[in-house]
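# Architecture and fold: a report
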Amino acid sequence: MAGGKMKKDKPQRGSSNVGSNHFQGGISFHKSKGQHILKNPLLVDSIVQKSGIKSTDVILEIGPGTGNLTKKLLEAGKSVIAVEVDPRMVLELQRRFQGTPLSNRLKVIQGDVLKCDLPYFDICVANIPYQISSPLTFKLLAHRPLFRAAVIMFQREFAMRLVAQPGDTLYCRLSVNTQLLARVSHLLKVGKNNFRPPPKVDSSVVRIEPRGPLGPVNFKEWDGLVRICFNRKNKTIGSIFRQKSVLSILEKNYRTLQALQLSEKAPSDDMEMALDVSALGETFGDLSVDADDGKDDDEMEVDDGDAKRADFKERVLTVLKEGKYEDKRSSKLAQADFMHLLALFNKAGIHFS
């Protein structure tokens, strides 16, 4: 559970705050800010068990709320660093563990997790507000040094996008980028009635394990290609790269690099890639729905006298033909396919950043 900006809720007419699903221990919860407390102790136990926490682990918890999950994490690991934006919850958390043997192993950071510099941790376990799912996911994947795993509660559809495979209905740019950087697996389905107050949607718990160094991958180039391909993921790659808007952008990059006489850009080092990854979360919508319902723009019109433009279009289409991607669709391509396609474009001097 994590919150956002706080505002005072008005009690409903004719009802008492006592026993209301919107209150616990005298604290009101803000559904609009993603504050939903896990009330099922068996579910909390299951999440901790499936997290694979070691007794030596430093655990990062995001949005601890009143501490139901925090208590179990403290019992399982070495220490817990809890990041909470709501000062009321911070006080409640401190009050709950004050004077107990667990208090010395809990550190509470009051602030917005998207703006905080995160300290070292071994594993992240969290029930987060769903509106920060994308930026938080990529902020964690950008964290250095790499952690072992993150076990996070997401909205069900977002979780299914994270784990979707080529050919799945929900397979999208979010799937491809996340799976490039991490191994992602679905752990648990969680019904809305396990929360107080219950959210409007069901949830899922997902395990994210960051991959080691990616080798010669320029992440800006990679995301530039994937972004174009998933703009119309059910169209053929050939029809996507015949669009005027796509060809114009790529040709501009190509002419600029030629004018500056730059060789192929070297792959980003690990820290530079981490910055690129962190910024990526801001480019996704709430559920990272790929645009595939609009009208395609026209193919680039090439005059007979415009030899340079015609040559560039032919260069792009030649790459697709040589790699046999012209008639394939983004929704069916795997990680290795996108990696191969990017390498073919770069070899032809065509870049995406």
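Residues numbered from 1 in each chain as written. Predicted model: local features only at pLDDT ≥ 70, side-chain atom pairs only at ≥ 80, totals over all residues. Heavy atoms only, no water.

Going by the annotation in an unreviewed UniProt entry, the name recorded for the protein is rRNA adenine N(6)-methyltransferase, with Anisodus acutangulus given as the source organism.

The next subject is helix 3 (residues 87–97). All buried positions along helix 3 are accounted for by Met89, Val90, Glu92, Leu93 and Phe97. The arc that holds the buried residues of helix 3, viewed along the axis, is 165 degrees, so those residues lie on one side. (Buried < 20%, exposed > 50% of the residue type's maximum accessible area, 1.4 Å probe, protein only. Helix = DSSP H or I, 4+ residues; strand = E, 2+ residues; numbered from the N terminus. Arc of directions from axis to C-beta.)

Our next topic: the packing of helix 9 (residues 244–260) against helix 11 (residues 307–322). For the pair helix 9 and helix 11, interaxial distance at closest approach is 11 Å and the crossing angle is 105 degrees. Of the possible angle classes, the one that applies to helix 9 and helix 11 is roughly perpendicular. Taken together, the residues of helix 11 that come into contact with helix 9 (itself represented by Leu247, Leu250, Glu251, Tyr254 and Arg255) are Lys308, Arg309, Phe312, Lys313, Arg315 and Val316. The class makeup of the residues in the contact of helix 9 with helix 11 is 5 nonpolar, no polar and 6 charged. (Axes fitted to C-alpha atoms, helices over the stretch in contact; angles between N-to-C directions. Parallel < 35°, antiparallel > 145°, perpendicular 65-115°, else oblique. Contact = heavy atoms within 4.5 Å. Nonpolar A, V, L, I, M, F, W, Y, C, P; charged D, E, K, R; others polar.)

The strand order across the open sheet built from 7 strands is 6-5-4-7-8-11-9, with neighbouring strands paired in mixed fashion. Only two strands of the sheet have a single neighbouring strand rather than two, namely strand 6 (106–110) and strand 9 (182–190). Averaged over all pairs of adjacent strands, the angle between their axes in this sheet comes to 20 degrees, without regard to strand direction. Docked against the sheet, helix 2 (residues 68–76) engages strand 4 (58–62), strand 5 (79–84), strand 6 and strand 7 (123–127), running at close to 175 degrees with respect to strand 4. (Pairing = 2+ DSSP bridges.)

Within the largest apolar cluster, 71 residues are counted, with the highest numbers of intra-cluster contacts made by Leu60, Leu140, Phe154, Trp222, Phe241, Phe338 and Phe345. With 6 residues, helix 7 (residues 219–229) is the largest single contributor of residues to this core. Setting aside its immediate chain neighbours within four residues, Leu140 contacts Leu60, Leu118, Phe121, Cys124, Phe147, Ala150 and Ile152. Counting residues in hydrophobic clusters, the runner-up holds 26 residues, among them Val80, Ala82, Leu102 and Leu188. (Core = buried A, V, L, I, M, F, W, Y, C linked by side-chain atoms within 4.5 Å.)

For the rest of this paragraph, the subject is unusual backbone geometry. Note the cis peptide between Arg144 and Pro145, where omega equals 0 degrees. Assignment of secondary structure puts Pro145 in the loop between helix 4 (133–142) and strand 8 (149–155). Phi angles above zero are rare outside glycine, and Lys324 is one such case at about 60 degrees. Tracing the chain through its elements places Lys324 in the loop between helix 11 and helix 12 (335–347). Look at Lys324 and you get exposed, because its relative accessible area is 66%.

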